[in-house]
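One-letter residues, chain by chain:
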Amino acid sequence: MSPGPARGRTSPSDGGAPRRGPVRRWQLVRAGSDAVPASTRRFMARARQRRMRAALPWAVAAGVLALLGLIAWTVLGTGLFGVRSVTVQGAKLVTDVQVRDAVGVADGVPLARVDLAAAARRVGGLAPVERATVSRDWPGTLVVKVTERTPVAVVPQADAFAVIDRTGVAFHTVARRPAGLPLVRVVRPAAADPDTRAALEVLGALTPQLRAELVDVSVEGLARISLQLRGDRTVVWGDATRSADKARVATALLGEDSERIDVSAPDVVTFR
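What this report covers is the structure whose coordinates are included nearby. (Residues numbered from 1 in each chain as written. Predicted model: local features only at pLDDT ≥ 70, side-chain atom pairs only at ≥ 80, totals over all residues. Heavy atoms only, no water.)

### Overview of the overall build of the chain
Then comes step 1: Of regular secondary structure, the chain possesses six helices and twelve strands.
Then comes step 2: The burial tally for the chain puts 33% of its 272 residues in the buried class.
Then comes step 3: Long-range pairs, those at least 24 residues apart, make up 44% of the contacts in the chain with a sequence separation of at least 6.
Then comes step 4: Carbon and sulfur atoms make up 56% of the accessible area of the chain, which amounts to about 18100 Å² in all. (Helix = DSSP H or I, 4+ residues; strand = E, 2+ residues; numbered from the N terminus. Buried < 20%, exposed > 50% of the residue type's maximum accessible area, 1.4 Å probe, protein only. Contact = heavy atoms within 4.5 Å. Areas by Shrake-Rupley, 256 points an atom, 1.4 Å probe, with all protein chains shown as cover.)

Set out below in structure tokens:
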């Protein structure tokens, strides 16, 4: 059987008895604050303050960015500020329902994400609307301001009358001729129709005296324009050129006892 491990050193001089040294036990003790010099404590405190001052702007910036991100997400990504209603202003010839349908924005769509210009263009596509603007009214309303076309004349069509504006757009149809609007006789009223544009040019050149006597403006061709006046009188206008001169001459001859005044060449007028 092998001997076990020795527990101490032996020496020949002491007869082999083990020798034990002193046993040391270590203990950690926290030093009090007075163990650190005051100058060192002040230095460490100033260092902490500098670190806090240096980190403060970054902390504030991070907080602001987080807040802005939250706001952006709430406004753009949720229905909290979504479209709840559409308010229509200035509409008479078109109904509120027609305008809302033309806006084409579903309920709940984030108000900030609505394309206002596109919505205004869609509303402007309605025939009676000359122009439209769309704006936001927080937290959940779209405001549509409509400017409708101004009627300047009517065109007879079968059993009704088409109302046209200064550009020739036929934007409304009525069963009876509205009072105070001159009558224009063209085949197909439209902004792109040359006859319609010629008739409107003549109307714009008439003097108040001629307008007061006017029954209708008839356009049978670009060079065959005539005015029908009260008392079965006719003014042969010709084409739409020099309309201001023709209006001046025709007005001067209104007092003549004549059934037909030809101002197609305003420098050489004939009447009978």
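### Comments concerning the pattern of salt bridges
Then comes step 1: On inspection of all chains with the given rule, the structure shows nine salt bridges.
Then comes step 2: When the shortest N-O distance is used, the salt bridge between Arg233 and Glu213 registers 3.8 Å. In this pair, Arg233 sits in strand 10 (residues 233–238) while Glu213 sits in helix 5 (residues 208–213), placing the two residues 20 residues apart along the sequence.
Then comes step 3: By relative accessible area, Arg233 is classed as buried at 17%. (Salt bridge = Lys/Arg side-chain N within 4 Å of Asp/Glu carboxyl O.)

### Regarding a nonpolar patch on the surface
Then comes step 1: A cluster of nonpolar side chains, Leu56, Val60 and Val64, forms an exposed patch at the surface whose accessible area comes to about 260 Å².
Then comes step 2: Summarising the element assignment, Val60 is placed in helix 1 (residues 38–77). (Patch = residues over 30% accessible without salt bridge, like charges linked within 9 Å, V, L, I, M, F, W, Y side chains within 5 Å.)

### A word on the sheet that holds strand 1 (residues 85–89)
Then comes step 1: The three strands are arranged 1-3-2 in an open sheet whose pairing can be described as mixed. At either margin of the open sheet sits one strand with a lone partner, and together these are strand 1 and strand 2 (129–137). On average, each strand axis in the sheet is inclined to that of its neighbour by 20 degrees, with strand direction left out of account.
Then comes step 2: Across five bridges, the pairing between strand 1 and strand 3 (residues 141–148) is parallel. The residue bridging Val86 from the neighbouring strand is Leu142, located in strand 3. (Pairing = 2+ DSSP bridges. Axes fitted to C-alpha atoms, helices over the stretch in contact; angles between N-to-C directions.)

### Some points on a positive patch on the surface
Then comes step 1: Together, Arg41, Arg42, Arg46, Arg48, Arg50, Arg51 and Arg53 give the surface a local cluster of positive charge.
Then comes step 2: Structurally, Arg51 can be placed in helix 1. (Lys, Arg positive; Asp, Glu negative; His and termini not counted. Charge placed at Lys NZ, Arg CZ, Asp CG, Glu CD.)

### Side note on the side chain of Glu148
Then comes step 1: With respect to the helices and strands, the residue Glu148 is situated in strand 3.
Then comes step 2: Of the side chains bearing the opposite charge, Lys92 lies closest to the buried Glu148, which forms no salt bridge; the N-O distance is 6.7 Å.
Then comes step 3: Polar contacts involving the side chain of Glu148 include one to the main-chain amide nitrogen of Leu93, which spans 2.7 Å.
Then comes step 4: Only 3.2 Å separates the side chain of Glu148 from the backbone nitrogen of Val94, close enough to count as a polar contact. (Polar contact = N/O pair within 3.5 Å; in protein donor to acceptor, adjacent residues only side chain to side chain.)

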